[in-house]
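A closer look at the structure
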Amino acid sequence: MDFALTEEQTAIFDMAHAFGQEHIAPYARQWEAEGTIPKDLWPRIAELGFGGLYVSEDAGGSGLSRLDATLVFEALSMACPSVAAFLSIHNMCAKMLDSFADDALKERIMPGVLSMETVLSYCLTEPGSGSDAAALKTKCERTNDGYRLNGTKAFISGGGYSDAYVAMVRTSDGGAAGVSCVYVEDGTEGLSFGGLEDKMGWRSQPTAQVQFDDCVIPAGNLVGEEGKGFKYAMMGLDGGRLNISACSLGAAQTAMNATLDYMGERKAFGQTIDQFQGLQFRLADMEIELQAARTFLRQAAWKLDSGAPDATRFCAMAKKFVTETGSRIVDQCLQLHGGYGYLADYGIEKLVRDLRVHQILEGTNEIMRVIVARDMLKNR
């Protein structure tokens, strides 16, 4: 059993970290205030191969493992978890298209996807279906030339910003078996967007409802087979849960680094506050939790890469554990900064806000517990 990263994996992390510190971190607060991420950032990220992290090399992607990808997201989230998480969404969509779209659709769209001239959004959640995703109601009816869509998707990162939308829609009744996946390009007639949501965190990501009103797409924009969309969506979620966990991990590490520096400079009662044993204990507890979370995440990623039968269970456990650990750590780091931690200038309060949603998306942490418990009971 080898817990060490390979030289290649270390290089991947270092490359992502260096890019994030130079091209993202200095602008993260500005982009949050503006409520958007400059579109020209994405092609520069794609030059590193990050537009198709686990798209096959034969298709022009990087062909990385899920473990490799967690290193990218951990490193980038050290600069800004909101930007890193948005890249995760694009990559989840890219992998679905690479795995299930037919050759004609891939030939038409994948070059733009991999170069990130085409930025992708993922449309599953609806106003009336969140955790119960199979209850989605967006209708997809056959026409002579393709499909007509009617319905609304909610909480869509990149709504009104992205260049295309990978949407789960209902082609027939029957719960999960009636869900299909379609590709809808920006500018398609009948595609519109709600107003931008005013969110607690992830404020640099434009988030809005995506609305389909007699939105007609060609038959070739069906991804894979009719009735298989829910299966495709669920297959993408294991990796998505790892990525969002990695984003919590990287942000927590940044908060820890900043806190260690701050405590070495801040003086109280005649000495720097890092000399108080009570505060040293708190630092030690946070470091123990952070390292445990990192190890757990990488074990879950290894299981997913190796096709282990309990991979989904471990991805769910890691998502629950790592995201809650990350939020606890950044909250404690804010506390150790005292009043300064509450100020935007120090960057800690942004991390507290950004990480809170990680316990909700990619499946709530309550659903993670359901997945784990069901698997335990099934295999007892």
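In what follows, the structure referred to is the one given above.
Description of the structure in this document. Owing to the predicted nature of the structure, the values given are computational and were not obtained by experimental measurement.

Cut-off values and rules
- Residues numbered from 1 in each chain as written.
- Predicted model: local features only at pLDDT ≥ 70, side-chain atom pairs only at ≥ 80, totals over all residues.
- Heavy atoms only, no water.
- Axes fitted to C-alpha atoms, helices over the stretch in contact; angles between N-to-C directions.
- Helix = DSSP H or I, 4+ residues; strand = E, 2+ residues; numbered from the N terminus.
- Contact = heavy atoms within 4.5 Å.
- Nonpolar A, V, L, I, M, F, W, Y, C, P; charged D, E, K, R; others polar.
- Buried < 20%, exposed > 50% of the residue type's maximum accessible area, 1.4 Å probe, protein only.
- Pairing = 2+ DSSP bridges.

Thoughts on the packing of helix H4 (residues 66-77) against helix H8 (residues 277-306)
Helix-helix packing is described using two parameters, namely the angle between the two axes and the distance between the axes. Remark: H4 packs on H8, axes separated minimally by 8 Å, with the N-to-C direction vectors making an angle of 145°. Contact residues: H4 offers Arg66, Leu67, Thr70, Leu71 and Glu74, while H8 offers Arg294, Leu297, Arg298, Ala301, Leu304 and Asp305. Split by residue class, the contact of H4 with H8 holds five nonpolar, one polar and five charged.

Observations regarding the pairing of strand S4 (residues 164-170)
Counting buried residues along S4, seven of its seven residues qualify, which places the element largely inside the surrounding structure. Across four bridges, strand S1 (residues 120-123) lies against S4 in parallel orientation. From the neighbouring strand, Cys123 faces S4, where its bridge partner is Ala167. Sheet topology places S4 next to strand S5 (residues 179-185); seven bridges connect them, and they run antiparallel. The residue bridging Ala167 from the neighbouring strand is Val182, located in S5.

Some thoughts on unusual backbone geometry
Of note, Asp214 is a non-glycine position whose phi angle comes to about 50°, a positive value. For Asp214, the location among the structural elements is in strand S7 (residues 207-218). Given a relative accessible area of 47%, Asp214 falls into the partly exposed group. A positive phi angle, near 60°, is found at Glu362, a position not held by glycine.

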